[in-house]
Amino acid sequence: MTDDPAEMSMTAIVRALRGRTLSPVELVDAYRDRIEAGRDLRAYITPPGATARRQAQRAAERLARRDRGALLGVPIALKDLYATRGVRTTAGSRILRDWVPTGDAALVTRLRQAGAIIFGKTNLHEFAYGVTNANPWWGIAKNPIDPRRSPGGSSGGSAIAVVGGMCAAALGSDTGGSIRIPAALCGCVGLKPTRGALPLDGVFPLGWSLDHAGPLTRTVADAGLLFEVLAGRPAPRPVRTRGLSVGVVRGPLTTRIQPGVRARVEAASGALRRAGLRVRDVRIPELEWAVATQLVTLRAEASAVHARWIRRRPRSYGADVRVRLQLGALVSGADYVVAQRARHRIREAIGQAFSDVDILMLATAPMTAPLIGDRVVRWRGVAEPVDGALVRLTSPFNLSGLPALSVPCGLAGGLPVGVQLVGQWNDEARVLAVGRLIEELAQ
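The model shown is predicted, which means the values in this text are computed figures rather than measured ones.

J.: So what's going on with the overall build of the protein chain? Residues and values would help.
T.: In terms of regular secondary structure, the protein chain is built from 15 helices and 15 strands. Radius of gyration (C-alpha) of the protein chain: 20 Å, near the 22 Å computed for a compact globule of 443 residues. Structurally, the protein chain occupies a C-alpha span of about 60 × 60 × 35 Å along its principal axes. Of all 443 residues assigned to the protein chain, the portion counted as buried reaches 60%. Carbon and sulfur atoms make up 50% of the accessible area of the protein chain, which totals about 17500 Å². Counting 60 positive and 37 negative side-chain charges, the protein chain places the averaged centre of each group 2 Å from the other.

J.: With reference to specific residues and values, describe the sheet that holds strand S9 (residues 245-250).
T.: Pairing in this open sheet of 11 strands is mixed, and the strands run S1-S3-S2-S6-S8-S7-S14-S15-S11-S9-S10 from one edge to the other. Two strands lie at the open edges of the sheet, namely strand S1 (44-46) and strand S10 (278-283), each paired on one side alone. Averaged over all adjacent pairs, the angle separating strand axes in this sheet is 35 degrees, with direction ignored. Sheet analysis places strand S2 (residues 75-79) next to strand S3 (residues 117-122), joined by 4 bridges and oriented parallel. Looking at S3, one finds that Lys79 is bridged to Thr122.

J.: Explain a positive patch on the surface to me, and be specific about the residues and the numbers.
T.: A cluster of basic residues, Arg18, Arg20, Arg66 and Arg68, forms a positive patch at the surface. Tracing the chain through its elements places Arg18 in helix H1 (residues 10-18).

J.: Can you explain a nonpolar patch on the surface? Please cite residues and give values.
T.: Residues Val323, Leu327 and Leu330 make up a contiguous nonpolar surface patch of about 270 Å² in total accessible area. Tracing the sequence through the fold places Leu327 in helix H11 (residues 319-328). Residue classification places Leu327 among the partly exposed residues on the basis of a relative accessible area of 34%.

J.: Account for the packing of aromatic side chains, naming residues and giving values.
T.: Tallying each qualifying case throughout the model produces 5 aromatic pairs. Put simply, the rings of Phe127, Phe204, Trp309 and Tyr317 pair up and form one aromatic cluster. Over the ring of Tyr129 we find Arg324, and its NZ or CZ is 5.8 Å from the ring centre.

J.: Can you tell me about the environment of Leu27, naming the residues and giving the values?
T.: For Leu27, the location among the structural elements is in helix H2 (residues 24-37). For Leu27, a relative accessible area of 0% translates into the label buried. A sequence separation of 151 residues divides Leu27 from Ser178, and the C-alpha atoms of the two residues are 28 Å apart. Once residues within four sequence positions are removed from consideration, Leu27 is found in contact with Pro5, Ile13, Leu22, Gly73 and Pro75.

J.: Could you give me a rundown of the packing of helix H7 (residues 220-231) against helix H15 (residues 428-442), with the residues and numbers involved?
T.: For the pair H7 and H15, the least separation of the axes is 9 Å and the interaxial angle reads 160 degrees. Considering the angle they form, H7 stands roughly antiparallel to H15. Residues Val220, Ala221, Ala223, Gly224 and Phe227 of H7 pack against Glu428, Leu432, Gly435, Arg436 and Glu439 of H15. Looking at the contact of H7 with H15, its residues break down into 5 nonpolar, 2 polar and 3 charged.

Thresholds, definitions, all that
- Residues numbered from 1 in each chain as written.
- Predicted model: local features only at pLDDT ≥ 70, side-chain atom pairs only at ≥ 80, totals over all residues.
- Heavy atoms only, no water.
- Helix = DSSP H or I, 4+ residues; strand = E, 2+ residues; numbered from the N terminus.
- Rg over C-alpha atoms; globule rule 2.2 N^0.38 Å.
- Buried < 20%, exposed > 50% of the residue type's maximum accessible area, 1.4 Å probe, protein only.
- Areas by Shrake-Rupley, 256 points an atom, 1.4 Å probe, with all protein chains shown as cover.
- Lys, Arg positive; Asp, Glu negative; His and termini not counted.
- Charge placed at Lys NZ, Arg CZ, Asp CG, Glu CD.
- Pairing = 2+ DSSP bridges.
- Axes fitted to C-alpha atoms, helices over the stretch in contact; angles between N-to-C directions.
- Patch = residues over 30% accessible without salt bridge, like charges linked within 9 Å, V, L, I, M, F, W, Y side chains within 5 Å.
- Salt bridge = Lys/Arg side-chain N within 4 Å of Asp/Glu carboxyl O.
- Phe/Tyr/Trp six-rings, centres within 6.5 Å; stacked < 30°, edge-to-face > 60°.
- Lys NZ or Arg CZ within 6 Å of the ring centre and 35° of its normal.
- Contact = heavy atoms within 4.5 Å.
- Parallel < 35°, antiparallel > 145°, perpendicular 65-115°, else oblique.
- Nonpolar A, V, L, I, M, F, W, Y, C, P; charged D, E, K, R; others polar.

Now the structure itself:
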């Protein structure tokens, strides 16, 4: 185990705090030093202040009394669209820059009940509507592995904070890949649970039918523990992975992938096969409809969320988000209905695939972190917008509401690569078990 508290996994921190070999105050101070040293990465909109240290002191007193709490004394950062009582919640926007909620989001309440220290509000793409985290109001977030590159988004600040040793773990949100994409590009774990497994009360919406809340963490075990706390579930019984069937998704959706990313995913599938899992190829043609279906659904729903503001004060939005919202207003009711029919077919097709396999597996993102400002990626001369490429492999599982986990699976060209594991509805335990196995095999 590392001697630096800022490098410890959350599960190791919990053990150390309970064993009183680490104090919450020492931990908070270590993270705050990292935040100060990494200011140029723009991980935070509202960094943890003096209140966090006072919370740590109270947690230390409770630990001395042998009080119990699953996350007692553990500093957790929040993507800045989770409402926090008495602390501004900007949603990464100019419009809400001075909004101070009078109550907490439901998941923030659960964190407090578990004894966690609410540890600042992290940077995000404006209103979570984008995947680059180039925020015009709060600063362009930078990848902690290579600051010339994007961390991905929209939960980019949360991923930076986790990988940069600025918190024990963080919460994000995922509407088309916004937890999993930055997890893959920055090199941490990101879990999008089953749609509805975690309450969204008090989380500023982007697309009502697509939004998911979830954790970004250093390890798969950390993600499992944080999910249990957030969902109010007891720890599941251990899942036996040997003999499980893993379907590697093949087809046009997965052909446009950087060679280094493909190599890492193939290496992960080979490692699973050697570990006793049954690995086979799976084709789901309906996934080809996902990008268009996601685009129509999200544009219509986001435009509805912002209908009043985009009409009255369009210049209060950054240029990219403003254009997306204005285009969303042009989506017709018929377009939206057709998209929902396609969505139903996609969901059915994925469900049918699970009659043959236990887990689906594919890359999280088809590319490693792009340079900040890159607009397109080229595949053998064919150009694809970076935004579209980054959500291509993740958005099907927002449409279907399935649990999906991004796990680091090595490097390509010195940059992190994530493998994505997708399970059946409410089967987070199996997804996490296979994720832990990949994590172990990659070490």
